[in-house]
Amino acid sequence: MKSSIAAVVIASLIAAPALHAQQISLPDLTKAKLKSSTAAITTYRGSQAFKLIPEDPNAPGYAPGGPLAILDNIHFHNGAIEVDVAGQPAKGAEESARGFIGVIFRVKSESRFEILYLRPTNSHADDQLRRNHSTQYASEPDWPWERLRKESPGLYESWVDIETGEWTHMRIEVHGTTASLYVNRAKNPCLVIHDLKLGDSEGSVGLWMGQDTEGYFRNLIISQK
């Protein structure tokens, strides 16, 4: 009996698809395709980091939607994306700024992608409804956060305990039409999406932040099945 159970376990381990991890170095990130931004390697809170620097929104050719860094050489379908992020409202930002920062995946173009991101300043707000908006899923351009919140309140966002401007670990696990967001190495996800709007597709991976965010990234690892 024990031998037959062991055989089943071994067979399942052999059959399970392996994850192939690729760590993206900071120099490699500087080669990413940038939108509405420039980038630099800098030091933030004692660690080397990739910094996205928003372009002036009044500059010729500026494209709205927030700064992006897209890794066109990555083709991602199923697997996991891990990265440390640190976001806070930029100096002089309006009161509505939240330090928006996160990851885009299954990227088709600069304006068509899935996205999971954080609103760091919401996490410890006095307003409970605002606290519940600490994480967010959206799918650009057809399913922006405004539409998802209006049509399905609370389904595509959640609360998570994070600190504004501090390094925060994000892990996004993707399989088929499901994505799960884990923050700060928690055992359980804080947000689960079962109906990714771009379907069971593939595309590249990138980093995103709000136009009014001071944002940093490090330790980007992409694991694919």
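Residues numbered from 1 in each chain as written. Predicted model: local features only at pLDDT ≥ 70, side-chain atom pairs only at ≥ 80, totals over all residues. Heavy atoms only, no water.

S.K.: Please clarify how empty space enclosed by the protein should be interpreted in this entry.
M.R.: Empty space among the atoms becomes apparent when a probe as large as a water molecule is rolled across them. All chains considered together, the criterion is met by one cavity of 30 Å³ or more. Roughly 30 Å³ of volume is contained in the largest cavity. Lining the largest cavity we find Val-85, Ala-86, Gly-87, Ile-101, Leu-118, Pro-120, Glu-163, Gly-165, Glu-166 and Thr-168. Along the lines of polarity and charge, the residues of the lining of the largest cavity split into five nonpolar, three polar and two charged. (1 Å grid on protein atoms, 1.4 Å probe; cavity = no way out; pocket = protein on both sides within 12 Å on 5 of 7 lines; lining within 4 Å. Points joined across faces, edges and corners; volume = space filled by probe spheres on them. Nonpolar A, V, L, I, M, F, W, Y, C, P; charged D, E, K, R; others polar.)

S.K.: How do you make sense of the sheet that holds strand 14 (residues 203-209) when you look at a structure like this?
M.R.: Picture the strands of a sheet paired through backbone hydrogen bonds; they go either parallel or antiparallel. Pairing is antiparallel across the open sheet formed by seven strands, whose spatial order is 2-5-14-7-8-9-10. Each edge of the open sheet carries a strand with a single partner, namely strand 2 (33-35) and strand 10 (157-158). As paired elements, strand 7 (residues 101-109) and strand 8 (residues 112-118) share six bridges and run antiparallel to each other. The residue of strand 8 that forms the bridge with Gly-102 is Tyr-117. (Pairing = 2+ DSSP bridges. Helix = DSSP H or I, 4+ residues; strand = E, 2+ residues; numbered from the N terminus.)

S.K.: Looking at this model, I keep getting lost on the pattern of salt bridges. Mind explaining?
M.R.: For side chains bearing opposite charge, pairing can occur when the charged atoms are close. On inspection of all chains with the given rule, the structure shows 12 salt bridges. Here Glu-166 ties to Arg-45 by a salt bridge, and the two come within 3.7 Å at their closest N and O atoms. On the criterion of sequence distance, the pair formed by Glu-166 in the loop between strand 10 and strand 11 (168-175) and Arg-45 in the loop between strand 3 (37-44) and strand 4 (47-54) is long-range, its members being 121 residues apart. The class of Glu-166 is partly exposed, set by a relative accessible area of 35%. For Asp-142, the salt bridge goes to Arg-112, with nearest N and O atoms at 3.5 Å. Placement of Asp-142 in the loop between strand 9 (135-140) and helix 4 (145-151) and of Arg-112 in strand 8 is noted, with a sequence separation of 30 residues between them. The network of salt bridges with shared partners includes Glu-82, Arg-171 and Glu-173. (Salt bridge = Lys/Arg side-chain N within 4 Å of Asp/Glu carboxyl O. Buried < 20%, exposed > 50% of the residue type's maximum accessible area, 1.4 Å probe, protein only.)

S.K.: Mind showing me how you'd approach the layout of surface pockets here?
M.R.: Approximately 350 Å³ is the volume found for the largest pocket. Ser-96, Arg-98, Phe-100, Arg-119 and Trp-145 are, among the 18 residues lining the largest pocket, the residues nearest its centre. Where the lining of the largest pocket is concerned, the elements lending two or more residues are helix 3 (128-131) and helix 4. Across the lining of the largest pocket, the residue classes tally to five nonpolar, seven polar and six charged. Here the second largest pocket is characterised by a volume of approximately 190 Å³.

S.K.: Please clarify how the side chain of Ser-134 should be interpreted in this entry.
M.R.: If you trace the backbone, Ser-134 turns up in the loop between helix 3 and strand 9. For Ser-134, a relative accessible area of 0% gives the class buried. Within polar-contact distance, the side chain of Ser-134 engages the backbone nitrogen of Ser-123 at 3.5 Å. Within the structure, Ser-134 has its side chain in polar contact with the backbone oxygen of Arg-131 (distance 2.6 Å). The residues contacting Ser-134, other than those within four sequence positions of it, are Tyr-117, Leu-118, Arg-119, Asn-122, Ser-123, Ser-158, Trp-159 and Val-160. (Polar contact = N/O pair within 3.5 Å; in protein donor to acceptor, adjacent residues only side chain to side chain. Contact = heavy atoms within 4.5 Å.)

S.K.: Which parts of the structure should I look at to understand the environment of Asp-72?
M.R.: Locating Asp-72 in the fold gives a position in strand 5 (residues 68-76). On the basis of relative accessible area, Asp-72 is assigned to the partly exposed category, the value being 45%. If near-sequence neighbours (up to four positions away) are discounted, Asp-72 is found in contact with Lys-33 and Ser-204.

S.K.: Please explain the nonpolar core as it appears in this structure.
M.R.: Nonpolar side chains in soluble globular proteins generally cluster together in the buried interior. With 48 residues, the main nonpolar core has Phe-105, Leu-220 and Ile-222 as its most contacted residues. By residue number, the principal contributor to this core is strand 5, which donates six residues. Look past the residues within four positions of Ile-222 in its chain and what remains in contact with it is His-20, Ala-21, Gln-22, Ile-24, Leu-71, Ile-74, Phe-76, Ala-80, Ile-81 and Val-205. Ala-49, Ala-86, Trp-167 and Tyr-216 belong to the second-largest nonpolar core, a separate cluster that totals five residues. (Core = buried A, V, L, I, M, F, W, Y, C linked by side-chain atoms within 4.5 Å.)

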